[in-house]
Amino acid sequence: MGGWRKKRAKIAMENPKVKTVRSKPAGRPSKPAAKSAAKPALQKAKSVAKKPKLPSAKNVKAAGKTASPRGKRRPAIDPFMKAAIKAARKGLGEGGIPIGAALVRNGKLVATGHNKRVQDNDPVTHGETDCLRNAGRLGSYRGCTLYSTLMPCYFCAGAAVQFGIRKVVVGESRTFPGAPEFMRSHGIEVVDLDLPECYEMMEKFIRENPRLWNEDIGED
């Protein structure tokens, strides 16, 4: 050890500007370098170990409501149209065409009727005319409202005009357009409710009985 120190002192005296630096073993990084190299690996390990955030029960419930919206409810049917639908179903049960009608006066049900062209072998016994016949002589029909499950044809619309009925309420006009403009042109208020109960019943009947339906509406 003494010889090495003497040699080092001699070198320092000959070259005062040169400093001798003790070399460090190769392959061993300095502390700052080792710390900086280990930091990204530590962060990566933390990110892998970190658990995913679970949705709260409130969010899950809200998501369920958005994904499964409630279905639309069918509109409520007033009791007079219900009476007309009941009459139509009665006619269907008799083997006839499911068209029903109801006559209302001063908020009270006067009579109901249904199509009987098949049952009575009578081409003019439509649902509306059967209803008017069942109502009998009222003296005046001007304060009456006629309900029908289907838009009246020109024959039944003419009866409403002739008797001075001021309002006609219909269940639907999808399967048969009828004569609404004719009635309106004579001062009758026409209200089309477009009820599924009515047009589904008629669509099924027409699909299963096309010849009978064409006979009823005068088509070949």
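Keep in mind that this is a model prediction, so the values were computed, not measured. (Residues numbered from 1 in each chain as written. Predicted model: local features only at pLDDT ≥ 70, side-chain atom pairs only at ≥ 80, totals over all residues. Heavy atoms only, no water.)

1. Thoughts on the pattern of salt bridges
Pairs can form between side chains of opposite charge whenever their charged atoms are close.
Okay, so step 1: Counted under the stated rule, the structure contains 6 salt bridges.
Okay, so step 2: Among the salt bridges present, the one from Arg 117 reaches Glu 215, with a minimum N-O distance of 3.9 Å. Remark: Glu 215 occurs in helix H9 (residues 210-217) and Arg 117 occurs in the loop between strand S2 (108-114) and helix H5 (127-135); sequence separation between them is 98 residues.
Okay, so step 3: When its relative accessible area of 11% is taken as the criterion, Arg 117 is described as buried.
Okay, so step 4: On the accessibility criterion, Glu 215 (49% relative accessible area) is partly exposed. (Salt bridge = Lys/Arg side-chain N within 4 Å of Asp/Glu carboxyl O. Helix = DSSP H or I, 4+ residues; strand = E, 2+ residues; numbered from the N terminus. Buried < 20%, exposed > 50% of the residue type's maximum accessible area, 1.4 Å probe, protein only.)

2. Notes on the packing of helix H4 (residues 79-93) against helix H8 (residues 196-208)
Okay, so step 1: The geometry of H4 relative to H8 is characterised by a closest axis approach of 11 Å and an angle of 15 degrees between their N-to-C directions. Considered as vectors, H4 and H8 are oriented roughly parallel to each other. The chirality of how H4 crosses H8 is left-handed. Contact with H4, carried on its side by Ile 85, Ala 88, Arg 89 and Leu 92, involves Glu 197, Cys 198, Met 201 and Phe 205 of H8 and no other residues of that element.
Okay, so step 2: The class makeup of the residues in the contact of H4 with H8 is 6 nonpolar, no polar and 2 charged. (Axes fitted to C-alpha atoms, helices over the stretch in contact; angles between N-to-C directions. Parallel < 35°, antiparallel > 145°, perpendicular 65-115°, else oblique. Left-handed = near helix turned anticlockwise from the far one by under 90°. Contact = heavy atoms within 4.5 Å. Nonpolar A, V, L, I, M, F, W, Y, C, P; charged D, E, K, R; others polar.)

3. Considerations on the pairing of strand S1 (residues 100-105)
Okay, so step 1: The buried count for S1 comes to 5 of 6 residues, which makes it a mostly enclosed element.
Okay, so step 2: Here S1 pairs with S2 via 6 bridges, running antiparallel. Looking across to S2, one finds that Ala 102 is bridged to Thr 112.
Okay, so step 3: Counting the residues between successive antiparallel strands, the hairpin from S1 to S2 contains 2 residues, one of them, Asn 106, with a positive phi of roughly 55 degrees.
Okay, so step 4: Two elements, S1 and strand S3 (residues 144-148), share 5 bridges in a ladder whose sense is antiparallel. Across the sheet, the residue bridging to Val 104 is Thr 145, located in S3. (Pairing = 2+ DSSP bridges.)

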